[in-house]
Each structure stands twice: as C-alpha cells, then as structure tokens.
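# Examining the three-dimensional arrangement
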Amino acid sequence: MVERIEEIEAEAKAAIEAAGSVPELEDARVSYLGRKAELTGILRGIADLPPEQRGPVGSTGNKVRKALEAMIEAKTDGLKQIELEKSLAGDRIDVTLPGTPARAVGHIHPITRTRRLIEDVMVGLGYQVMEGPEIEHDYYNFTALNHPAGHPARMLQDTFYVEHEGHVEEVLLRTHTSPMQVRAMEATPPPLFMIVPGKTYRRDSDATHSPMFHQVEGLAVGEGITLADLKGTLLAMLREIFGPDREIRMRPHFFPFTEPSVEFDVSCFHCGGSGSLDDGSRCGLCKGIGWIELGGAGMVDPNVFGFVADSGYNPDSVTGFAFGFGIERIAMLRHGVGDLRLFFDNDVRMLGQFS
Amino acid sequence: MKVPYGWMADYCDPGLAPGDLAEKMAMTGTEVERVVLLGPPSADNFVIGKVLSVEKHPDADRLSVCRVETGSQDGGETERTIVCGAPNVAAGQTVVVALPGAVMPGGMKIKQAKLRGVESNGMICSEKELELGEGQDGIMVLEDGPAAGAPASDFLPVAEPVLELEVTPNRTDCFGIYGVAREAHAISGAPLAAAPWEGGPIGPGVISEEGDIEALLDQEGSERTADRVRIVVQDPELCSRFTARGYTDVKVGPSPLWLRTRLIAAGLRPISNVVDITNYVMWLTGQPMHAYDLDLVPKGELIVRKAENGEKVSALDGSEYVLNEAMVAVADRNGLAGIGGMMGGSVSEVSESTTTVLMEAANWNGPNILRTSRDLGLRSEASSRFEKQLHPDLTLRAQAVADRLMVEICGAVPMAGLVDVSVPAPDSVPIRLRAGRVERVLGMAIDIELQIEALETLGFGVEREGDDLLVSVPPDRHFDVVREIDLVEEVGRISDLDRNLPATLPAGPGRPGGLSRQQSLQRRAEDSLRESGFDEIVGWSFTDPEETGRLRLDEEDPRSRGVRLANPLSEEQSVMRTMLLGSVLGAARRNLSRGADRVALFESGRVYLPAGEFGPGPLGGDFPGKTRPPSNEPQHLSAVVVGPVDPATWRGGAGESDFFALKGVLEHLASGLGVELTVEPLADPSPQPFLHPGKSGTVKAGDRQIGWIGELHPLVATSYDLDAAAAFEIELAGLVDGSPVGEESYVDFTPFPPVDRDLAVVVAAAVPASGVIGAVEAAGSELLTAVTVFDVYSGDGVGEGEKSLALRLRFRAPDRTLSDEEIDPVWNGIIAGLSGIGGRLRG
Ligand SMILES: [Zn+2]
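Cut-offs and rules
- Throughout this document, residue positions are counted from 1 along each chain, in the order its sequence is written.
- The order in which chains are written sets their letters, starting at A; the order in which ligands are written sets their numbers, starting at 1.
- Totals for whole chains, interfaces and linings use all residues, but because this is a predicted model, local features are given only for residues with pLDDT of at least 70 and pairs of side-chain atoms are given and counted only at 80 or more.
- Each side-chain value is derived from all of the structure's non-hydrogen atoms; neither hydrogens nor water enter the calculation.
- Per the convention used, a helix needs a DSSP run of H or I reaching at least four residues, while a strand needs a run of E reaching at least two, with both numbered from the N terminus.
- Our radius of gyration is a C-alpha quantity, and the globule rule it is checked against amounts to 2.2 Å times the number of residues to the power 0.38.
- Contacts: residue pairs with any heavy atoms within 4.5 Å of one another.
- Accessible areas in this description were obtained via Shrake-Rupley with a 1.4 Å probe; residue shielding takes into account the shown protein chains only.
- Charged residues are defined here as Lys and Arg on the positive side and Asp and Glu on the negative side; His and the ends of the chain fall outside this count.
- Charge placement uses NZ in Lys and CZ in Arg. For Asp and Glu, CG and CD serve respectively.
- Residue burial is assigned from relative accessible area. The probe radius is 1.4 Å, only protein chains are included, and a residue is buried under 20% of its type maximum, exposed over 50%, and partly exposed in between.
- Ring pairs are drawn from Phe, Tyr and Trp, using the six-membered ring of Trp, whenever the two centres fall within 6.5 Å, and their geometry is named by plane angle: stacked under 30 degrees, edge-to-face over 60, tilted for the rest.
- Take the buried residues of types Ala, Val, Leu, Ile, Met, Phe, Trp, Tyr and Cys, join any two whose side-chain atoms come within 4.5 Å, and each joined set is a nonpolar core.
- Once two parts are brought into contact, the accessible area they lose, counted with a 1.4 Å probe and summed over both, makes up the buried area.
- One side-chain nitrogen of Lys or Arg within 4 Å of one carboxyl oxygen of Asp or Glu is enough to make a salt bridge.
- Just so you know the grouping, Ala, Val, Leu, Ile, Met, Phe, Trp, Tyr, Cys and Pro go in nonpolar, Asp, Glu, Lys and Arg go in charged, and all remaining residues, Gly too, go in polar.
- One less than the residue count of a helix, multiplied by 1.5 Å, gives the span that helix is expected to have.
- Directions pointing from the helix axis toward each C-beta atom define the arc.
- At least two bridges found by DSSP between two strands are what make those strands a pair.
- In this analysis, the protein atoms alone were mapped onto a 1 Å grid. Cavities are point sets where a 1.4 Å probe fits without being able to get out; pockets are open sets with protein on both sides within 12 Å along at least five of seven lines; lining residues have an atom within 4 Å of a point.
- Grid points are joined across faces, edges and corners, and a volume is the space filled by probe spheres set on the points.
- Under this scheme, a helix contributes an axis fitted over its contacting stretch, all axes are lines through C-alpha atoms, and angles between N-to-C directions fall in the 0 to 180 degree range.
- An automatic or database domain assignment supplies the start and end points of every domain.

This part is about the overall build of chain B. For chain B, the count of helices and strands is 22 helices and 40 strands. Computed over the C-alpha atoms, the radius of gyration of chain B is 42 Å, more than 25% above the 28 Å expected from 2.2 N^0.38 for a compact globule of 843 residues. Taken along the three principal axes of its C-alpha coordinates, chain B extends 130 × 75 × 60 Å. Looking at chain B alone, contacts between residues at least 24 apart form 70% of all its contacts between residues at least 6 apart. Counting only carbon and sulfur atoms, one obtains 48% of the accessible surface of chain B, whose full area is about 35,700 Å². Within chain B, one finds 76 positive and 127 negative side-chain charges whose respective centroids are separated by 2 Å.

Here is the structure:
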C-alpha cells in the first residue's frame, strides 16, 4: 500500500508539474487530492486496514497529501503571476496621448507680482507695509507735503479732482503715494520705517503716461538717519530687484517735500552700465547712457515734520528719508514690457506669460 | 529753458564739451533734456568772407561772379571765386561763406562746382540757409569787424550748441542766462564775468562800459520819466513792484543780426528791436519786461488793478481774453492795456511808427499768476517765470540792462530816473548753517572751507562765526534758499555728491518688518484664485457712468452713486467704481472678442464708496492719520468665469461653468483661509439685479454678509456680449476677519470610531439644503459631528414639487465608542426636527 502511495505521489508530481494553467492545475488537484481521488480513498479507508498497516499508510499518505497540497499552492501562485503578467501585457494604453490636465493654474498680474517682490525686499530691510487712501484730501496730497496753495510744483502733477459738496479742489485722486508719509507719521511716533504701495492718478494719457498707475513710497524716520542711509537702502533694494552687480546714481533734484532731493538711477543691467553691448552697438535699454532713471527721493523736508510736530516729529531731533518710484517701470524693465498700456489691457495672452 | 552755449560763455566758459557740461549739470541738480546744434551739424568750413568784387555771370542773368576774400585755409590762396545767385550781393560786404566741405543744415555738402562754365569755390550763405532767421531776402550781411577767414561761429551761432534745460520750479535763477552761467561757474570753477546789470557784458554788439543799476538811477536828462508816466498800483499784494522807464527818439526797426540770431538760438522769434530787447533781457536776467508805445498810453497813466468780471482785453497774441475779478490787469484810462504778468495788450503795442517807449519791469504774485494762467489757458514765457515767484529787486536788473540796449540799438534817449512803485521787499536775513549740520544730514563730512567755497561760487555771501556760517542769499535765490536745510542741499549738490556719498544702512526701526496678517491673507486669497485657474487683471478705478445701467442697478442703489471726478479725461472714465464686476466683465468681453475660447479672470482691488455708508479701510480697520479720508475704499475680490472651468479633453467633455463650479472655487478660496462660507438664497426682489434671480445667493462668513455669487442675468450677459457667465464679488475684510489663520488652538482628536448613518428626506422643493442641514444640526446634540448632502433627487417616487435629499450623518464621542442605544434617541430627535420643516423620511 505504501508503495502505491509513493507511485501516486510520483504520478501526481508529474501531473502538477505538467499543468500549464490554473484550470489544468485544478484538474490535477481534483484527480489526486479530490474526494474521488485514489489517495483520498486510501486515507479514508485506513480504519479498514489491518492494524499493523494503519500507521505506515496513514503517515505516508498524509505526508504525501501535504506535500502535494504545498506543491499545488506554490504552483498556483506561480501560474497566477504568469497569467497576471500575460494579461497586463495585453492591457496596453497609448502613453503618447496627452495627460488629463490638472486644473490649469492661473496667473498673478505682473504689477501685483512686482509689488509683492518690492514688499518682500523692504520687509527684509525692516519695513512695514501700509495702505493709504486713493481718494484724498488736498491737505495730505499737497499742503502737508509742503506744496502751499498756488505753489508751481502743484502744476507738475496734473490732478484729478473729485466733485465734493461745492468745494472745488478739496478732494482729489492722490497724485503720488506720498500723502501716506503724513498719515503714517500722524499715527505712529518715530522711529518709523514703512512703505506704501498703491494706485496713483494723474491726468495724463499717452504711450508713456497712464491716468492710473502704481507707486511705492518709502519712509524712514528716526534719529541720525542720513542721505547716505538713503543711498544704501536704495542700493540694497535695487540689487535685490535687478541683481547683485547693480550700482546706484543719485542726481540732485527738486521735490517740495524733500530737501535735499535727488532722482535715482540704477546702472543698466542690459549692458552692465557701459552703455554699449558686446557687439559695440548702443544699448537700447538705457539708450547708451548706462543708467536707468527710476524715481525720486530725498531727506524729509523739515516743513513736513512741522505738520506732524504734535506726533513727536521734531526736525532737530529726528531726520528721515523718503523715496518713491513706479511699479510699472520696474515691471517693464524686469520683463521687457514695451508699452505701459499693456498692463491695463489685461489680455490673457499677456497675463499668461507671467507664472 | 534753451541756453545757447556761446551766450552763456559771455559770462562763464566752463571749458567743457557741451555734453560734458550737460552731464555735470544733471549731477548737480539741473537736468539737461538735450543738447542740439543750431543749423549745420558742424561749424567747420564756415568762415567770414569779404566780398571784393561782383560781376555779372557771362551766361546767366541772375547769377553773379564774386571774388571773395576768405583767408587762407591751407597756406595758399586767400581769395576765391564764388558764383552767387542772391540779388543783394555787393562788393564790400562782410558775409558768411560755406567753403567746400561744409555741410549745410539738412545734410547737403558744399563742393567745388562749375556753374554755367564758371568755377565756384563755395557758397555765400543766407540766414535761412544757416537756420538763423527767416526774413531778409538774399545773403546775410554782417556788420564790419570780423576778419576774413575767421570762423563764422566766433560771431554767429553757426552750429551753436544749445542746452535745453529742464529747470525745476524752485530755480528761477536758471530761467536767465546769467544764472545758468553762475551755475556753470560753480560746477567747473571757470571764472564768472560781472553780471550785465553790474557793468558786465551784455552782448557782442553792446560796447558801452556804463550801465549798472546805480547809473540807471543816477541818470540825468532834460525829461524825467516821472513827468511823463504815472503808475498806480491798486493791489500791491498782487503786484509788489512796478518799475517804468521812458524813452524818446526810439527808432523802431529790425534788431541787429547778433541779437536776432541769439533770440533764434534761444527759441524766440525776433519781432522788432524794442520787443526783441524785452525778450533778450528776460532771457538774460530771468525778469520779463513789457514795452508800451508811450504815446498810445493816455496821459502816460497805467493802473494796476483787479479786472472786473467779464472785462475783455485784446492781447498781443491776437486773441481776446475775458478776465475775472481774481485776475490782475494793467489798465490805462480807457480800459485794459494788458494782463498783468501774462501778456501786454494790443492797444499800446509798439509798432514801426513808435517813437516813445515805456519799459515795464514789474513783480507779480506767483500763485495769482499761476491761477490766471490756468484759468485763461494762456502760458507765456513771462507767466511761466512769474508763476514761480520772482524777487522784486530783479526789476531793476532788467531796467539797467534794457537801458543800455535801448540806447545802443534803438538810438533811444532815456528819460531820467524810474517810476518805481513798490512795497518793501521781503526781508533778507542771513541764515545760520550750524557746524556739523551738513554731515548730520548727508552722512558725509565736507570740510568747512569747501562749504564756504561752494556757497560763494553759487553767489551766496558767507561770514564765518567759529564753525558756524552766516549765509546771505542773493535775491534770485531768495524764495528757494530760506532755511539751513536749503544750504545743506546747496553745499551737497556742489560737492560731487554722487561720487563721494557713502552707501550705508540706517540703524533700523528696532523691530522686524513684515506684512500684516491681513496683507498675508490677501496674498493667500489671491493665490488661491490663481491656483483655481484664474488670471488676475488690474482694471481701471474709474468707470463709465453707464455701467450701473448695464448692471441693471437701481438709482436708489448706493452703488449707483459713485464718486464723480470733476475733471475726467473722458466721460468713460468719470466715475470711481463701486464694484469690480464691471471691470472683470469688461476684461472678459475684450478677451473673448480677441479669440479666447474661455476666460477665468479675477481682480483684487478697491472700490470707492461714499464715506459713512459702508465699511472702513481696505482690509478692515481705518486708514492711519488724523483726518478720515473722504471715501471708504474696501478691498474687493471678484471673479468671473465664461466658458468651461476645465477644458474638454480626449477623455471627456468640459466641466460646466455654472453656479456650482464657481461656488466650488469660492469655497476652495475660503477654506484656504480657514473660513466656512455659507451661501443663502437672495431676497425677492433680488438685491443683486445683475444676477440670475434663481441662480444666485448671498455669501456669508458666519453671520456677516460679505458678498454675492451667481450666474449673470441673461440681459446683463448680453450687454457684455457674453453667452453666460458666473461671477462672485466679496469684500476681502469680511473673509479676513472671519479667518482663524494663525490663531487656531489645538483640539485633541478622539481615537474612538465614528458611526455613520444615512437618511433620505423628502421636503418641498423650495426648502434649501441649508435649511434641512440646519434642522438636522439643531436636533443633533453634541454627538452629531458632521452632516453632508450626498444626493439630491426629484422625479419618480417623489411627489410633485418635492425633492429628496440624501444625507450622511456622522456621530462620534470623544471618550467612548457609541452604541446604537445612545444614538437612537438623537436620531429620533432629528427625524422629529425634520418633520418640523415639513420633511418626511423617504421609505
Ligand atoms: Zn544699457
């Protein structure tokens, strides 16, 4: 009987090995381990055997059954894996088709991006960012900035006035972000380090002037602040915006609310400040000058402090500097935008270029 | 201000190429817009010639063959033959010859040529050809004097460099050639000649050595100005000084060539010698003048007074101006004879028949002139100087210079003395420049000797007191330099500021910089829309008054009452916007008309609302400052989507841009700020008439209404040429105020599992989902932690006018696993609560 079991084992192993698919293997299992299988019958009939045979037949039979079961299981796993691979190989996609787009990302307007860049740079230098009103009283836009009524400097800025209960020219659209110098000083005693980005308005419209544009104002007031500090601050800012090799140039100028006043230029980043390109041609960006005009600045005029003396600004104990420049100009220079009006045209083909 | 280089060089020749001088001026405070060359591109090969003989051309009637002495250019011949077509050429004339090689204005190059068989070696020039004038026919004839062969540019502004200065309004001194010369002197260190009113040179044709201000006042004569002229100033606050001087025996005619060409170089038009003298003096001294034909001034009487409303004057420019009582006029006994400080009147205009002249040099009130100029729309060279406020003492300078010119050029006989009606000139008190003050402001030490030198070269008087300086200010700087700080600027700008000033950083504010929480959250909100696929636009703050009509806003709606501009550029930009919607819709229309197939746009910007009716500053809170701004300017966020939110792909169709698509975007934005938004149906009639009344809602953060969302009303969509669109607009402060970002406090989460139960409830179709959820939440006790709608159904099995909502309810306790026995009573309460709003379970 034991020999028969061993023969069955050999046959079964051959059959299992020969099985090439999960169904064939299942056939083999049914033939050799199923209810009607010979081995199953032998094991079921053990009780009918003579006592001396029961032990060897039982142990051999069970051992073979377990071995076959293990073999089938192992073979099943192998076959399943092969079949999976086979079916995967048949399940092909065209990987060259376009992917399902994620929700397309939009774009932040270049003016906003540039404004944020300037804000971040100035925050890094210790400044707060403040907002001021765009519809403003004449007092803040002109008078407290040392433009008395009838001052010719008022004519430098073509002003939009607002209809206002019969008072002509009392309320206006701010012509610069500078009114916030006075508001901020009224609200905060020195030391004060702040910038004001925002919209400004002048009654002027052509290729280089927009009736609405954006400026950034800066103001630093405290003890011992000098014109040299203004230079260092502007230089640090310009290097962050235009690159570490930039230089600054300050030209004396006139603004009613700063004294001394300067205009400031940055060395041209296109030609490195030489005014000419590698091929010897004239640099188009700076028009061969090597410098690009950016904005105005200066030391806060003592007369301006006089308007905020109540708030702790005594011109004999504090000094300060202020600066202002256009955001569009920075954006145009950084991104090579040739026409100011493109910023307010809001064509998505333009906006989409600024990621 | 046009400054012919040669004219300035009469007083100071800085010895710099004009471009280098321009650069130096720019670096010391006077911008030079450009340097242009007058006439030909180069002065080379233009020389003085003497016409020796003139003969008729043998073969041409209109041509002459001239022998001209031109000096020797190469050591050879000193004479040459030139064929000339001008009728006025004659032997003995001194002329300008363009030698072969000379380049004419416009680029024509003079060459040796045969004209009808006669060799011609150059060209005798006319004024027109050299762009030195218009009038005179034929060649330009100079007065005798210059030697043959000398460069013409030594005597005439041939290829003269002209600096076009952009003078800042404080620098009235640089509106005169002498002031510019002094600036050149301070910059270059080159010597400065005496001023023309102090015996210095006046012009190449003026030779008398006499003639400073003292001499003017001392002059004696048979006739005195005061005998012929009477001046009454009724408004001395508008005219602080009026000086007049009379002249007899005036011979009016064209000015000499040198004077005419100087005026042309300065951009002025020569008229007649008397008028040209007033302009020349103005250009030289900065003080405008006016000349009257004294015989046309009845009784020689001029009255300075305010005009009457509607009073008319015909001015020298040929126009008639209507004045008002704020304006100051010069009147004679019959009526107005001029607009004070602006322009003279034609009634007493100097003409060819004039023989007696009254020269006026007056001082006017700057702000008044500025306003008059603006109100009349008239700006003259005189008014552009007076409006910046000149010092009254400049009047005498002008009279002294004019006096010499009148005598030498017009052969005039001055009447003795001046009529000088004035109020006392403003005090001139020396200013103290304290030791160390320059360094303290500039952050750069400047040696005190150098400070003194800088101030003195600029014309200030300096007295040293220890280490302080006492500085007196000349009249032409009187209104500009009034304080110590102004002296600091003067010293600084002359001390090569740009090169010498160090670049340092201030000690700092003593606290870190940073964005406010509101500013950071604003960025976060904007970035959220960007991530949702929206492009940011920057729209105009001003809009068209028709916009509120396009948006179907009622006249009663406060948003129809935007702030109006008093002087808009156009009607389309005459009102400040009260909403962003019009701006984003306009941008959407523009992009679609240019071929975009879908647009998703947003704007983050302010709207402008009358003060008091709405909230305060842009991000909540007031603007800083003691005086409240005239308007409220809340920051809004508005988005519009037209066409699919997500484009169609090969795998499927486009996502719809309906209400829910945009609501999802808004919810995404809010959740990015940690805010839970709710949208509630609008009241009836709709407060947002630009929206589809059934597909729109009010956006709330907590209990606060912060805006609206909806699909556009079809009529509004049509008026913006849009098929259909969804939009929202919210007030950013409402979102930011409701945001817990940065202020969240941690709540321990529970390890015990939740129990989810679903229910389907049938309610009337009009009951909003938020009402159903509200009823569930109200009855749910603290065990109910979440309710979500996962299906909405109407149709078979649900009654007419009803809908079925499927809800998933999640129950959870922090400290135990919930049993059915605990949940059942709550569940029953919820069912009861639902029946309270007319709901029944769907079985
Ligand atoms: Zn360059």
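We now examine the overall build of chain A. In terms of regular secondary structure, chain A is built from 12 helices and nine strands. For a compact globule of 355 residues, the expected C-alpha radius of gyration is about 20 Å, and chain A comes in at 43 Å, more than 25% above that figure. Judged by the C-alpha coordinates and their principal axes, chain A covers about 130 × 55 × 45 Å. Taken over 355 residues, chain A has a buried fraction of 54%. Of the contacts formed within chain A by residues at least 6 apart in sequence, a portion of 66% connects residues at least 24 apart. Taken as a whole, chain A presents about 15,500 Å² of accessible surface, with 51% of it coming from carbon and sulfur. For chain A, the centre of its 35 positive side-chain charges and the centre of its 52 negative side-chain charges are spaced 7 Å apart.

Residue and element names in this part refer to chain A. Inspection of every chain in the model, using the stated rule, returns 20 aromatic pairs over all chains. Considering the side-chain rings of Phe242 and Phe269, the 5.1 Å spacing of their centres and the 10 degrees angle between planes classify their relative orientation as stacked. Placement of the pair is Phe242 in helix H8 (residues 227-242) and Phe269 in the loop between strand E7 (258-267) and strand E8 (291-300), with a sequence separation of 27 residues. Overall, the relative accessible area of 29% leaves Phe269 in the partly exposed class. With 6.4 Å between their ring centres and 45 degrees between their planes, Phe255 and Phe257 make a pair best called tilted. A relative accessible area of 9% places Phe257 in the buried class.

So, about the nonpolar core. One finds A:Phe264, A:Phe323 and B:Leu442 to be the most contacted residues of the largest nonpolar core, which totals 111 residues. With nine residues, H8(A) is the single largest residue contributor to this core. Not counting chain neighbours up to four residues away, the residues in contact with A:Phe323 comprise A:Met122, A:Val216, A:Glu217, A:Gly218, A:Leu230, A:Leu234, A:Met237, A:Phe264, A:Gly296 and A:Ala297.

Here we take up the interface of chain B and chain A. Residue-level contacts link 95 residues of chain B with 101 residues of chain A. Taking both partners together, chain B and chain A bury about 8,600 Å²; carbon and sulfur atoms supply 55% of that area. If you look at where chain B meets chain A, you find 13 salt bridges. In terms of residues, the side of chain B that touches chain A owes the most to one element, helix H15 (residues 517-531) of chain B, which gives six residues. Class assignment of the residues belonging to the side of chain B that touches chain A gives a composition of 42 nonpolar, 21 polar and 32 charged.

Our focus in this paragraph is the pattern of salt bridges. Residues and elements named next belong to chain A. Tallied over the full model, the rule gives 81 salt bridges over all chains. The residue Asp265 makes a salt bridge to Arg249 at a minimum N-O spacing of 2.9 Å. Highlighted residues: Asp265 in strand E7 and Arg249 in strand E6 (residues 248-255), separated in sequence by 16 residues. The buried category is assigned to Asp265, whose relative accessible area is 2%.

Let us look at helix H1 (residues 2-18) of chain A. All names here are of chain A. When the terminal C-alpha atoms of H1 are compared, their 24 Å separation across 17 residues agrees well with the 24 Å that a helix rising 1.5 Å per residue should span. Those residues of H1 lying buried are Ile5, Ile8, Glu9, Ala12 and Ile16. In an axial view of H1, the angular spread of the buried residues amounts to 105 degrees, which keeps them on one side of the axis. Seen from the open side of H1, the exposed residues pointing more than 90 degrees away from its buried face are Glu3, Glu17 and Ala18.

A few words now on the sheet that holds strand E4 (residues 60-69) of chain B. All names here are of chain B. Strand order in the open sheet formed by five strands is E5-E4-E3-E6-E9, with antiparallel pairing between adjacent strands. Edge positions in the open sheet fall to strand E5 (79-84) and strand E9 (123-124), since each of these has one partner strand only. Pairing analysis gives five bridges linking strand E3 (residues 46-57) to strand E6 (residues 94-98), with the strands arranged antiparallel. When the sheet's bridge partners are listed, Phe46 is paired in E6 with Ala98.

This brings us to empty space enclosed by the protein. Within the structure shown, the criterion is met by three cavities of 30 Å³ or more. The calculated volume of the largest cavity comes to roughly 380 Å³. Contributions of two or more residues to the lining of the largest cavity are made by helix H5 (110-124) and strand E4 (192-201) of chain A together with H15, strand E26 (535-537) and strand E29 (599-606) of chain B. For the lining of the largest cavity, the residue count by class is seven nonpolar, eight polar and 10 charged. Along the wall of the second largest cavity there are 13 residues; nearest its centre are A:His253, B:Asn170, B:Arg171, B:Glu489 and B:Arg493. For the lining of the second largest cavity, the secondary structure elements donating two or more residues are E6 of chain A together with helix H13 (484-494) of chain B. When grouped by side-chain class, the residues that make up the lining of the second largest cavity number two nonpolar, five polar and six charged.

Let us now look at the sheet that holds strand E25 (residues 468-472) of chain B. Residues and elements named next belong to chain B. Judged by pairing direction, the sheet is antiparallel, and its three strands sit side by side in the order E23-E25-E24 without closing on themselves. Of all the strands in the sheet, the pair left with one neighbour each is strand E23 (431-433) and strand E24 (461-465). Sheet twist, expressed as the average angle between the axes of neighbouring strands with direction ignored, equals 25 degrees. Two strands pair when backbone bridges link them, and E23 and E25 are joined in this way by three bridges, in the antiparallel orientation. By the bridge assignment for E25, Arg432 is matched with Leu470. Contacts between helix H12 (residues 448-457) and the sheet are confined to E23, E24 and E25, with E24 contributing the most and set at about 155 degrees to the helix. Set on the sheet, H13 makes contact with E23 and E25; between it and E23 the angle comes to about 60 degrees.

Okay, the domain arrangement of chain A next. Split into domains, chain A comes out as domain 1 (2-90) and domain 2 (110-354). Computed from C-alpha coordinates alone, the two centres of domain 1 of chain A and domain 2 of chain A are separated by 91 Å.

Residues and elements named next belong to chain B. Relative to the elements of secondary structure, Ile830 occurs in helix H22 (residues 820-836). Accessibility expressed as a relative area gives 0% for Ile830, which makes it buried. Along the sequence, Ile830 and Val776 sit 54 residues apart, while their C-alpha atoms lie 5.4 Å from each other. Setting aside residues no more than four positions away along its own chain, Ile830 makes contact with Leu759, Val776, Ala779, Gly780, Leu809 and Phe811.

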